[in-house]
Structures are given as C-alpha cells and as structure tokens.
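# An overview of the molecular structure
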Amino acid sequence: MFKRSLLAISLLSLVPVVQAATVEVTWSDPLQFRDIRSTDSGQQRFQSRVMTELETQFRDETVARLETGQTLTIEVADVDLAGEIEYFHANFPFGLRVIRNVDFPQMTLSYELRDADGKLVKSGTEQLADLGFRFGLLLPADRSALRYEKQMIKEWADKSLVQ
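Residues numbered from 1 in each chain as written. Predicted model: local features only at pLDDT ≥ 70, side-chain atom pairs only at ≥ 80, totals over all residues. Heavy atoms only, no water.

## Overview of the overall build of the protein chain
A count of helices and strands for the protein chain gives three helices and six strands. Reading the secondary structure of the protein chain in the N-to-C direction produces α-β-α-β-β-β-β-β-α. Here the protein chain, with 163 residues, has 37% of them falling under the buried criterion. Counting only carbon and sulfur atoms, one obtains 57% of the accessible surface of the protein chain, whose full area is about 10,300 Å². (Helix = DSSP H or I, 4+ residues; strand = E, 2+ residues; numbered from the N terminus. Buried < 20%, exposed > 50% of the residue type's maximum accessible area, 1.4 Å probe, protein only. Areas by Shrake-Rupley, 256 points an atom, 1.4 Å probe, with all protein chains shown as cover.)

See the structure below:
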C-alpha cells in the first residue's frame with residue numbers, strides 16, 4: 001500500500017502544472033484622471049475604493065474569457081465616473097454626485113494579451129464610453145455606486161476579448 005502511494009505521488013510530480021490565466025491591472029496616474037473625485041473629505045480612501053472595485057471588475061469579467069496560461073495586462077490611463085459633482089446642494093457641504101444622461105462614464109486604457117509562451121495575441125488602446133449608460137440592461141438589484149462603470153467594463157470585455 002505504501003509503495004502504491006509513493007508511486008502515485010511520484011507520478012503526480014511529473015504532471016505539468018497548469019497555470020490559470022492572469023490579469024494584471026495598473027493605473028498610470030490617478031491624480032490626473034478627469035473625474036475620480038470624492039463627495040466627502042476622504043479623497044484617498046474614495047480613490048482607493050474606486051480603483052479596487054474597478055480592478056476586481058476587470059478580473060471578474062476577463063479571466064473567464066482567457067485561455068489557460070494567458071496573461072492580460074491592462075493599464076488604465078484615465079477615468080471619468082458617471083455624473084458630475086455639484087456643490088450647491090443643501091446638507092451636502094462636500095458636494096453631491098448627480099447623474100444625468102449627459103454625464104456618461106468614460107475610461108481610457110491600453111491592454112496586451114499574451115499566450116502562455118509570452119507571444120502577443122492581441123493589444124490595443126481603447127476609449128471606453130457608454131453614452132446610453134442609463135438605458136442599459138442593468139439588474140435592478142445592482143445598487144453599486146460604480147454600476148455604470150462596471151457595465152462598461154463588461155461590455156468592453158465581451159467585445160474585445162473574443163477568442
């Protein structure tokens with residue numbers, strides 16, 4: 001019994017390890033982004049939360065579309081969140097993000113998709129914008145503050161990462 005177990009373990013060590021797809025997201029210069037402003041005094045915390053949520057969305061939407069061993073590198077160069085901050089609302093001394101149909105989300109990014117051997121499969125620079133963001137098919141339960149930006153990322157992944 002011990003010899004069979006030892007043989008099985010030895011054989012398993014010869015099987016190549018399959019590496020799942022990898023997604024890497026970097027942010028070029030968040031301080032220069034068009035609109036990633038907070039409506040309270042916690043700008044650093046807000047910016048960090050926005051970047052973390054969008055990075056998670058990029059991973060969630062892209063990793064399932066990639067083949068084993070592929071690497072997707074995304075560099076976000078600019079973000080303009082849906083809506084605009086207005087400072088003249090009562091009870092909101094630091095401003096209030098107001099979302100109107102003309103204040104659509106936008107994002108500029110570059111990406112490279114490489115196979116398991118490091119060979120470039122696809123690359124590009126994209127100007128994402130969702131002019132009809134208020135009329136899309138969002139789930140009613142999606143109350144995320146970044147739901148429009150997340151939907152825009154999903155649509156980009158659907159369009160750009162088709163194998």
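Structure shown, so let's carry the discussion forward.
## Considerations on the pattern of salt bridges
Scanning all chains against the criterion turns up nine salt bridges. Residue Arg59 pairs with Glu55 through a salt bridge whose shortest N-O separation is 2.9 Å. Taken together, the residues span about one helical turn, with Arg59 and Glu55 both in helix α2 (residues 43-62) at a distance of four residues. The partly exposed category is assigned to Arg59, whose relative accessible area is 33%. Lys159 is the salt-bridge partner of Glu126, the closest N and O atoms lying 3.9 Å from each other. With Glu126 in strand β6 (residues 120-129) and Lys159 in helix α3 (residues 147-160), this residue pair connects regions lying 33 residues apart in the sequence. Residue classification places Glu126 among the buried positions, given a relative accessible area of 17%. Counted as one network, the salt bridges with shared partners bring together Glu61, Arg65, Lys154 and Asp158. (Salt bridge = Lys/Arg side-chain N within 4 Å of Asp/Glu carboxyl O.)

## Digging into the environment of Pro30
Tracing the backbone shows Pro30 in the loop between β1 (22-27) and α2. With 17 residues separating them in the primary sequence, Pro30 and Gln47 have C-alpha atoms 8.0 Å apart. Look past the residues within four positions of Pro30 in its chain and what remains in contact with it is Ile36, Gln47 and Met51. (Contact = heavy atoms within 4.5 Å.)

## A look at the layout of surface pockets
Considering only enclosed or pocket space, the largest pocket measures out at about 150 Å³ in volume. Every residue lining the largest pocket is counted, eleven residues in all, and those nearest its centre are Phe46, Leu81, Arg97, Ala145 and Leu146. Of the residues forming the lining of the largest pocket, the biggest block, three residues, is contributed by α2. Here the residues of the lining of the largest pocket are counted per class, giving seven nonpolar, one polar and three charged. (1 Å grid on protein atoms, 1.4 Å probe; cavity = no way out; pocket = protein on both sides within 12 Å on 5 of 7 lines; lining within 4 Å. Points joined across faces, edges and corners; volume = space filled by probe spheres on them. Nonpolar A, V, L, I, M, F, W, Y, C, P; charged D, E, K, R; others polar.)

## Some thoughts on the packing of aromatic side chains
Applying the stated criterion across every chain, the model contains three aromatic pairs. For the pair Trp27 and Phe33, a centre-to-centre distance of 6.3 Å together with 50° between the ring planes defines the contact as tilted. Accessibility assignment for this pair places Trp27 and Phe33 in one class, buried. Seen in terms of ring centroids, Phe58 and Trp156 are 6.0 Å apart; in terms of plane orientation they differ by 80°. Their pairing is edge-to-face. Residue Phe58 is found in helix α2, and its partner Trp156 is found in helix α3; the two are separated by 98 residues along the sequence. Phe58 gets classed as buried once you look at its relative accessible area, which sits at 0%. The buried category is assigned to Trp156, whose relative accessible area is 2%. Three or more aromatic residues joined by ring pairs make a cluster, and in this case those are Phe58, Tyr111 and Trp156. (Phe/Tyr/Trp six-rings, centres within 6.5 Å; stacked < 30°, edge-to-face > 60°.)

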